[in-house]
Amino acid sequence: MHGNTSGRRSLRRIAAVTAGLALGLGLGVSAHASQADAGHRAPLAATAKPRTVSGKTGDALTGIADFYGAYIDAQNGFDPEPKLMKDLRAHYLDSALSKKLTAWERTNHADGVLRAQSIPSRWTVTEKSKGDSTEAAVTLSWEHGAPVKLSVVMTPNHRIVSITPAK
């Protein structure tokens, strides 16, 4: 077996999760599901209108949405992917923020990215301001309970530098 097999598999997994996220969040990506995934997808109701997805390469808001969707997808399901969650954090989060989140998680016994102990079933990402950095309002929702609203800031070099409760 080739030494880079697990690295390629991780990159393919990140790409697959990001493509699935993009489709779910309305980001303009075309993806074809593999035959293995076909059994997991619910059929589109005959009367349901197809959704349109749009996004922009290099756009900070798209990057924040990609991160949250991929991160939640990595946690969701029967087989959570701790390595993928760690890789997503390493790719998207500034190292100083990563350290702050780790400390917050130890104190609060919850996931610092989500500010919760469980996995949300829905999320929205809305741009609040754009300047040197992009600030987005991220709303995480569960089937039961109040939504969590976060303020997330991404720099022009596509690193998330702040995740705080929204005011």
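Residues numbered from 1 in each chain as written. Predicted model: local features only at pLDDT ≥ 70, side-chain atom pairs only at ≥ 80, totals over all residues. Heavy atoms only, no water.

All right, on to the sheet that holds strand E3 (residues 148-154) then. Consider a sheet: its strands pair through backbone hydrogen bonds, and that pairing is either parallel or antiparallel. Taken in spatial order, the 4 strands of this open sheet run E1-E2-E3-E4, and their pairing is antiparallel. Here the strands that pair on one side only, and so sit at the sheet edges, are strand E1 (122-130) and strand E4 (160-165). For this sheet, the mean inter-axis angle between neighbouring strands, taken without regard to orientation, is 20 degrees. Relative to E4, E3 is paired through 5 bridges, and the arrangement is antiparallel. Its bridge partner lying in E4, Met 154 is registered against Ile 160. The sheet contacts of helix H3 (residues 60-75) involve E1, strand E2 (134-141), E3 and E4, and relative to E2 the element is tilted by about 30 degrees. (Pairing = 2+ DSSP bridges. Helix = DSSP H or I, 4+ residues; strand = E, 2+ residues; numbered from the N terminus. Axes fitted to C-alpha atoms, helices over the stretch in contact; angles between N-to-C directions. Contact = heavy atoms within 4.5 Å.)

For the coordinates displayed, the defined rule picks out 3 aromatic pairs. Plain terms: the ring middles of Phe 67 and Tyr 92 are 5.2 Å apart, the flat faces sit at 45 degrees to each other, and that makes the pair tilted. In this pair, Phe 67 is assigned in helix H3 and Tyr 92 in helix H4 (residues 82-92), connecting sequence segments 25 residues apart. The same class applies to Phe 67 and to Tyr 92, which are both buried. Within the aromatic cluster, the residues linked to one another by ring pairs are Phe 67, Tyr 68, Tyr 71 and Tyr 92. (Phe/Tyr/Trp six-rings, centres within 6.5 Å; stacked < 30°, edge-to-face > 60°. Buried < 20%, exposed > 50% of the residue type's maximum accessible area, 1.4 Å probe, protein only.)

For the structure shown, the criterion picks out 6 salt bridges. Of the charged contacts, one joins Asp 111 and Arg 89 as a salt bridge, the two residues approaching to 3.7 Å between their closest N and O atoms. Here Asp 111 is found in the loop between helix H5 (95-108) and E1, whereas its partner Arg 89 is found in helix H4, with 22 residues between them in sequence. Arg 89 matches Asp 111 in its accessibility class, with the two residues each being buried. For Glu 143, the salt bridge goes to Arg 122, with nearest N and O atoms at 3.2 Å. With Glu 143 in the loop between E2 and E3 and Arg 122 in strand E1, the pair connects residues that are 21 residues apart, well separated along the chain. (Salt bridge = Lys/Arg side-chain N within 4 Å of Asp/Glu carboxyl O.)

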